[in-house]
Amino acid sequence: ALLANPPAGTLGLLADLLEPVPGYEHALEAALGALASAVVVRDRAALRRCHAYLADQQLEWAQVVVLSDCPQHPAHAPTSADEGAVGNLQQFVRYDAAHGPLVAWLLGSWTVVDRIARVMDRTAAGPGRWVTQAGEWWDGQSWQLVGNRSSQSARVGRKRRWEHAHEELTVLERDVAAAQEAWQ
């Protein structure tokens, strides 16, 4: 509802500002959790406009991330030399350079690992956050485990899916036009 008529300074849904490298959609969605649906605004002035809009429209709530609140140089998880570590999650995400501090702040502590069992098999899970491409994770407090994941990620990668669907529609429209022309 907040994005139907967004106040000035509203950048969009967090999930729409980040484009995972193909195959890392579930990892990104798992790491973001509920934040994937958060609205990102440029600064505190935009935050205040969103707050006023919610009150004026009598809307219940919105989760908002303020870009200017992100540390300019957030702490990063060191690239792990652990067996099975693939790299830092943020290297598998495309984003506008202006959103770099936000991405580093939210994803910089996540390391992609090839199998969550590698983290489970340790004597102690240790510090850091670990996520697999399938979206299984250890976030330092709890585990998220996946049995059989066959569906697409629901929140991230929507832009790429929309662009693909638009390309397919364009091809279909051309084919229909060509068929109509041939029948006449």
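Keep in mind the model is a prediction, meaning the values are calculated, not measured.

**Regarding the pattern of salt bridges**
In step 1: Scanning all chains against the criterion turns up two salt bridges.
In step 2: Note that Arg44 and Asp69 form a salt bridge whose closest N and O atoms lie 3.0 Å from each other. With Arg44 in helix α3 (residues 44-56) and Asp69 in the loop between β4 (64-66) and β5 (85-88), the pair connects residues that are 25 residues apart, well separated along the chain.
In step 3: For Asp69, a relative accessible area of 34% corresponds to the partly exposed category.
In step 4: Ionic pairing is found between Asp114 and Arg118, a salt bridge with its closest N-O pair at 2.6 Å.

**Focus on the sheet that holds β4**
In step 1: The sheet built from three strands is open, its strands ordered β1-β3-β4 with mixed pairing. Two strands in the sheet have a free side with no partner beyond their single neighbour: β1 (10-13) and β4. Here the average twist between neighbouring strands, direction ignored, is 25°.
In step 2: Pairing of β1 with strand β3 (residues 39-41), which is carried by three bridges, proceeds in the antiparallel orientation. Within the sheet, the bridge partner assigned to Leu13 lies in β3 and is Val39.

**Regarding the nonpolar core**
In step 1: In this structure, Leu32, Leu89, Leu102, Leu107 and Val131 are the most contacted members of the largest nonpolar core, which totals 27 residues.
In step 2: With five residues, helix α2 (residues 25-32) is the single largest residue contributor to this core.
In step 3: With residues near it in sequence (within four places) discarded, Leu89 still touches Ala27, Leu28, Ala31, Leu107, Trp110, Val112 and Val131.
In step 4: Core analysis: the second largest hydrophobic core is formed by eight residues, Val41, Ala46, Cys50 and Val66 among them.

**Structural notes on the packing of aromatic side chains**
In step 1: Overall, the coordinates contain three aromatic pairs when judged by the stated rule.
In step 2: Measuring from centroid to centroid gives 6.3 Å for Trp110 and Trp137, while their planes differ by 75°, and the two rings are edge-to-face. A residue pair is termed long-range when its members are at least 10 positions apart, and Trp110 in strand β7 (residues 110-113) and Trp137 in strand β9 (residues 137-138) qualify at 27 residues.
In step 3: Taking relative accessible area as the criterion, Trp110 reaches 2% and is therefore assigned buried.
In step 4: Between Trp138 and Trp143 the ring centres are 4.7 Å apart and the planes differ by 40°, which places this aromatic pair in the tilted class.

**Topic: the environment of Ala117**
In step 1: The topology assignment puts Ala117 in helix α5 (residues 116-120).
In step 2: Residues Ala117 and Gly84, spaced 33 residues apart in sequence, show a C-alpha to C-alpha distance of 9.8 Å.

**So, the pairing of β7**
In step 1: Of the two faces of β7, the one carrying Trp110 and Val112 and the one carrying Thr111 and Val113 are both buried.
In step 2: Relative to β7, β5 runs antiparallel, the two sharing three bridges. Note on β7: the bridge partner recorded for Asn88 is Thr111.

**Some remarks on the sheet that holds β5**
Strand pairing in a sheet is mediated by backbone hydrogen bonds. Such pairs are either parallel or antiparallel.
In step 1: Pairing within the open sheet is mixed, and its five strands lie in the order β5-β7-β8-β9-β10. Each edge of the sheet is formed by a strand with only one pairing partner; in this case those strands are β5 and β10 (143-144).
In step 2: Note that β7 and strand β8 (residues 129-131) share three bridges and pair parallel. Note on β8: the bridge partner recorded for Thr111 is Trp130.

Criteria and thresholds
Residues numbered from 1 in each chain as written. Predicted model: local features only at pLDDT ≥ 70, side-chain atom pairs only at ≥ 80, totals over all residues. Heavy atoms only, no water. Salt bridge = Lys/Arg side-chain N within 4 Å of Asp/Glu carboxyl O. Helix = DSSP H or I, 4+ residues; strand = E, 2+ residues; numbered from the N terminus. Buried < 20%, exposed > 50% of the residue type's maximum accessible area, 1.4 Å probe, protein only. Pairing = 2+ DSSP bridges. Axes fitted to C-alpha atoms, helices over the stretch in contact; angles between N-to-C directions. Core = buried A, V, L, I, M, F, W, Y, C linked by side-chain atoms within 4.5 Å. Contact = heavy atoms within 4.5 Å. Phe/Tyr/Trp six-rings, centres within 6.5 Å; stacked < 30°, edge-to-face > 60°.

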